[in-house]
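# Analysis of the macromolecular model
This is what each chain is made of:
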Amino acid sequence: MPDVALLALVLAAIVIGYFLGWRDQKKRAAKGSGRLSQEYFTGLNYLINEQTEEAIDVFIKAIDLNSDTVETYLALGSLFSKRGEVEKSIRIHQDLLARPSLTSTQSLQVQLALSANYAYAGLLDRAEAILVDLGSQEHALQSQALKQLLRIYEQQNDWSKAADVAERLRRGHGEQYAVLLAHYYCEQSELALQGNDRVTARRLIRQAFSRDKNSVRASLMLGQLEFDEGSYKESIKVLQRISSQNIRFLPLALPVMQKAFEYSGGSRSYTAFLGRCLNERPATAVIIAMTHQLKSESGEEAAIRFLSDQLNRHPTLRGLNELISFRNSDQAVFSEKLLMLIKNLTSRLVDLKPVYSCSSCGFSGKQLHWQCPRCHQWGTVQPIQGFEGE
Ligand SMILES: [Zn+2]
């Protein structure tokens, strides 16, 4: 085992040796005799021969733990775990825990590190057992234990237990856990819906809103639930809130809204709602929805005029694609508008696209550099080939 871990192990050995030497010196001063621990040199010897397993054994046996060397061992354990050598890390932490000389804080630190090892190794039940215990006591590392526990429940998709833990964290740390909690309740609500338990699903959505009143996900779920139960007006009311919660997500709500407006006889109100949204943010999905509304209300020509007008101001590929789908109408006016739009859009795309890219680091730009400005290699920047290139 070469490289970083070995180097760190050697450093750890030096630190441990220093403390051993220091202890021995004190003994010498007291008793008039002594030597630097024989085991220490044995361990160092193993290290030099890259026999890390043996070296760890020897160092762990040799050590008369004191508060300073515990830190060194903890650092070593974390180093092994970062390198994926989790079994070595587990051994170090288990040996540390067996020492009666640990202070209570050190014992907590070692237990947290050990539970992280177990979680990494996929031994989630062992990790959970340690963390449930640590999380139930009041101490400086309690919230860290709860955070680790949260990750384990997330890994297991155990949203109910995750929510319990997050509620406890929220009591201590406030609103940073609110958004997270809303998602946990939504996850549980989805499970309830899969089991056809609408009453529970509804209760969980309410809980999600109680934690995060701007939860788009909860709005989408409740809007769908109301729609499925035939409460179209209620569904519309819920889904409309998304435009103020986070208007970027509004397109996700439009298919259900469109039907809900239609079934409740309010198609014109839907058009008006889309118009208000367009004023705020001209998203392609909203433009396309509006186009469909205009087509059924005022005919194809009005729809084409609206869409090409919007596309001139906010050209997008999806919008253009939609316009081309009107190809069945053979009005000269349509063909001319379409051609001009395609020209407008492709020019913009060409202007936006990089022309050269570096085959070494991926840097791209519109200008040719013989030396790549990012990775500084020579001759690696080349004209881009293919669909978007030459
Ligand atoms: Zn480069």
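Within any chain, residue numbers begin from 1 and follow the written order of that chain's sequence. Two thresholds apply to this predicted model, a pLDDT of at least 70 for residue-level local features and 80 or more for giving and counting side-chain atom pairs, whereas whole-chain, interface and lining totals are computed over all residues. Hydrogens and waters are ignored; side-chain quantities use all the structure's heavy atoms.

## Details of the overall build of the protein
As a reminder, the rule being used: Under the DSSP-based scheme used, a helix requires at least four consecutive residues in state H or I and a strand at least two consecutive residues in state E, with every element numbered from the N terminus. Here the term buried applies to any residue with accessible area under 20% of the maximum for its type, exposed to any over 50%, and partly exposed to those in between, with areas from a 1.4 Å probe on protein chains only. To measure how exposed things are, a 1.4 Å probe is used in the Shrake-Rupley method; for residues, cover is taken only from the protein chains shown.
Scanning the protein for helices and strands turns up 20 helices and three strands. Taken over 390 residues, the protein has a buried fraction of 42%. For the protein, the accessible area works out to roughly 21600 Å², and carbon and sulfur atoms hold 52% of it.

## Overview of the coordination of the zinc ion
Filter applied, for reference: Listed donor atoms are N, O and S within 2.8 Å of the metal (Na, K and Ca: 3.2 Å). As water is not included, a site may look incomplete. Tetrahedral means four donors with every angle between 85 and 135 degrees, whereas square planar (four donors) and octahedral (six donors) require angles over 155 degrees between opposite donors and between 65 and 115 for all others; sites fitting neither are termed irregular.
The coordination sphere of the zinc ion, as far as protein atoms go, consists of Cys358 (SG), Cys361 (SG), Cys372 (SG) and Cys375 (SG), spread over 2.3 to 2.4 Å. Around the zinc ion, the four donor atoms sit at angles spanning 105 to 114°, and that spread fits a shape best called tetrahedral.

## Section: the environment of Gly84
Relative to the elements of secondary structure, Gly84 occurs in the loop between α4 (67-82) and α5 (86-97). Judged by its relative accessible area of 33%, Gly84 is partly exposed. Put simply, Gly84 and Tyr120 are 36 residues apart on the chain and 8.6 Å apart in space, counted from C-alpha to C-alpha.

## Some words on the nonpolar core
Note that soluble globular proteins tend to have their nonpolar side chains buried in a common cluster. Quick note on the threshold: Take the buried residues of types Ala, Val, Leu, Ile, Met, Phe, Trp, Tyr and Cys, join any two whose side-chain atoms come within 4.5 Å, and each joined set is a nonpolar core. The contact criterion used is simple: two residues touch if any of their non-hydrogen atoms lie within 4.5 Å.
Counting residues in each nonpolar core, the largest one holds 40 residues, and the members touching the most others are Leu150, Val165, Tyr184 and Ile205. Elements with a minimum of two residues in this core: α5, α6 (104-120), α7 (124-135), α8 (142-155), α9 (159-173), α10 (178-194), α11 (198-211) and α12 (216-228). Discounting residues that sit within four places of it in the chain, Val165 has contacts with Leu146, Leu149, Leu150 and Tyr153. In terms of nonpolar packing, the next biggest core, distinct from the first, is built from 36 residues, Phe261, Ala285, Ala289 and Phe306 among them.

## Digging into the pattern of salt bridges
As a reminder, the rule being used: Just to be clear on terms, a salt bridge is a Lys or Arg side-chain nitrogen sitting within 4 Å of an Asp or Glu carboxyl oxygen.
For the structure on display, the rule yields 14 salt bridges. For the salt bridge of Glu167 with Arg211, the shortest nitrogen-to-oxygen distance reads 3.0 Å. In this pair, Glu167 is assigned in helix α9 and Arg211 in helix α11, connecting sequence segments 44 residues apart. Since its relative accessible area comes to 23%, Arg211 is described here as partly exposed.

## Quick notes on the environment of Ser219
Residue position: Ser219 is located in helix α12. When the C-alpha atoms of Ser219 and Ala208 are compared, they prove to be 9.6 Å apart, with eleven residues separating the residues in sequence. If we skip the residues at most four places from it in the chain, Ser219 touches Phe209, Val238, Leu239, Ile242 and Gln245.

## A closer look at the confidence of the model for the protein
The cut-off we apply is this: On a scale of 0 to 100, pLDDT captures the predictor's confidence in every residue.
Here the protein averages 83 in pLDDT, while 82% of its residues score no lower than 70. Mean pLDDT per element in the protein: helix α1 (residues 3-31) is the minimum at 58, and helix α13 (residues 232-240) is the maximum at 97. Every residue in residues 28-35 scores below 50 in pLDDT, and together they form six contacts with partners more than four places removed in sequence or on other chains.

## Quick notes on the sheet that holds strand β3 (residues 381-383)
Here is the rule: The rule for pairing is simple: two strands pair if DSSP sees at least two bridges between them.
If you walk across this open sheet you meet the three strands as β2-β1-β3, and the pairing is antiparallel. Each end of this open sheet is capped by a strand with a single partner; those strands are β2 (364-365) and β3. Of the strand pairs in this sheet, strand β1 (residues 356-358) and β2 are connected by two bridges, and their pairing is antiparallel. Residue Ser357 lies in a different strand from β2, and its bridge partner there is Ser364.

## Things to note about the environment of Ser244
When you line up the elements, Ser244 lands in helix α14 (residues 242-245). Considering only alpha carbons, one finds Ser244 and Cys277, 33 residues apart in sequence, at a separation of 9.8 Å.

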